[in-house]
Amino acid sequence: MAEELLLDTTLSKAEQYRQLLPQIEALTTGEPDLVANLANTVAALRQAFGFFWVGFYLVKEDALVLGPFQGPIACTRIRRGKGVCGASWDQAKTILVPDVEQFPGHIACSSDSKSEIVVPVLKDGQVVAVLDVDSDQLADFDADDQHALEHLMLTAARWF
Ligand code: SME
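The structure presented is a predicted model; accordingly, all values stated were derived computationally and were not measured.

Conventions used here
Residues numbered from 1 in each chain as written. Predicted model: local features only at pLDDT ≥ 70, side-chain atom pairs only at ≥ 80, totals over all residues. Heavy atoms only, no water. Buried < 20%, exposed > 50% of the residue type's maximum accessible area, 1.4 Å probe, protein only. Helix = DSSP H or I, 4+ residues; strand = E, 2+ residues; numbered from the N terminus. Expected span 1.5 Å × (residues − 1). Contact = heavy atoms within 4.5 Å. Near = heavy atom within 4 Å. Polar contact = N/O pair within 3.5 Å; in protein donor to acceptor, adjacent residues only side chain to side chain. Areas by Shrake-Rupley, 256 points an atom, 1.4 Å probe, with all protein chains shown as cover. Nonpolar A, V, L, I, M, F, W, Y, C, P; charged D, E, K, R; others polar. Pairing = 2+ DSSP bridges. Axes fitted to C-alpha atoms, helices over the stretch in contact; angles between N-to-C directions. Phe/Tyr/Trp six-rings, centres within 6.5 Å; stacked < 30°, edge-to-face > 60°. Core = buried A, V, L, I, M, F, W, Y, C linked by side-chain atoms within 4.5 Å.

## Points about unusual backbone geometry
Inference 1: Not every positive phi belongs to a glycine, and A92 is a case in point at roughly 50°.
Inference 2: Note on A92: relative accessible area 34%, which makes it partly exposed.
Inference 3: Phi is positive for A139, which is not a glycine, with a value near 50°.

See below:
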């Protein structure tokens, strides 16, 4: 496919995800390189929704290590159970945080980040990475984001 995304911002968020996800699928199908696929995924998400920060952290031994991302520079290593990302790894589930200041142990890579969603990537029942999306608006993520991003992370699991 042409390296250009078709995005219709007049659609609802759920519809925009429905338009975007097959395009990410197409962009990554047949490409065996993990970093290339993760990089295009975060770029596509940021281009579509203008998120403040979107990126992957990859499980490497006893830590999550920063992977491809779009946005301001970020913390490079997060221990299991620490912050929202470490909690998502530990619990192997999505964590939605409407107000990061209310999340005990939240790791503030940027003081501009106000709400966050972290979705794990599961391969053979093990968390191999997490997708972290941050917004500079409070309560910016809901069940539509969770549903679509969990679906997208099923695709991402195939790249590992
Ligand atoms: N806020 C995250 C850390 C990663 S940055 O937001 C990019 C956390 O609490 O795990």
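## Here's the deal with helix α1 (residues 13-28)
Inference 1: With 16 residues, α1 extends 22 Å between its outermost C-alpha atoms, agreeing within 8% with the 22 Å of an ideal straight helix rising 1.5 Å per residue.
Inference 2: The set of residues buried in α1 consists of Q16, Y17, L20, L21, Q23, I24, L27 and T28.
Inference 3: Along its buried surface, α1 packs onto α2 (34-49) and α4 (143-157).
Inference 4: Downstream of α1 by one or two residues, G30 has phi in the positive range, about 85°.

## Quick word on the site of the ligand
Inference 1: The immediate surroundings of the ligand are formed by 13 residues, with V84, C85, I107, E116 and D134 found nearest.
Inference 2: Taking C85, its main chain carries an N or O atom lying 2.8 Å from an oxygen atom of the ligand.
Inference 3: At 3.3 Å, a side-chain N or O of D132 approaches an oxygen atom of the ligand.
Inference 4: In the complex, 99% of the free accessible area of the ligand, which totals 310 Å², lies under the protein chains.
Inference 5: Of all the secondary structure elements, the ones that give two or more residues to the shell around the ligand are β1 (53-60), α3 (83-91) and β6 (126-135).
Inference 6: When residues in the shell around the ligand are grouped by element, the largest group, 3 residues, is from α3.
Inference 7: When grouped by side-chain class, the residues that make up the shell around the ligand number 8 nonpolar, 2 polar and 3 charged.

## A look at the sheet that holds β6
Inference 1: Across the sheet, which stays open at both edges, the 6 strands sit in the order β3-β2-β1-β6-β5-β4 with antiparallel pairing between neighbours. Edge positions in the sheet fall to β3 (77-79) and β4 (95-97), since each of these pairs with one other strand and no more. Neighbour-to-neighbour, the strand axes of the sheet open up by a mean angle of 25°, direction not taken into account.
Inference 2: Across 3 bridges, the pairing between strand β2 (residues 63-70) and β3 is antiparallel. By the bridge assignment for β3, L64 is matched with I78.

## Focus on the packing of aromatic side chains
Inference 1: Considering all chains together, one arrives at 5 aromatic pairs under this definition.
Inference 2: Taken together, the aromatic side chains of Y17, F49, F51 and F141 make up a single cluster linked through ring pairs.

## Digging into the nonpolar core
Inference 1: Core analysis: the largest hydrophobic core is formed by 28 residues, its most contacted members being L45, F56, L131, V133, L149 and M153.
Inference 2: Looking at this core, the elements with two or more residues in it are α1, α2, β1, β5 (115-123), β6 and α4.
Inference 3: Residue contributions to this core peak at 6 residues, all from α4.
Inference 4: Dropping the residues within four chain positions of it, M153 is found in contact with F56, V119, P120, V121 and L131.
Inference 5: Judged by nonpolar contacts, the second largest core, of 16 residues, contains W53, A74, I78 and V84.

## Notes on the pairing of β2
Inference 1: For β1 and β2, the ladder comprises 6 bridges, and the chain directions are antiparallel. The partner of V54 across the bridge, within β2, is Q70.
Inference 2: Linking β1 to β2, which pair antiparallel, is a turn of 2 residues; within it E61 sits at a positive phi near 55°.
Inference 3: Counted along the chain from β2 to the antiparallel partner β3, the turn is 6 residues long, and its residue G71 has a positive phi close to 130°.

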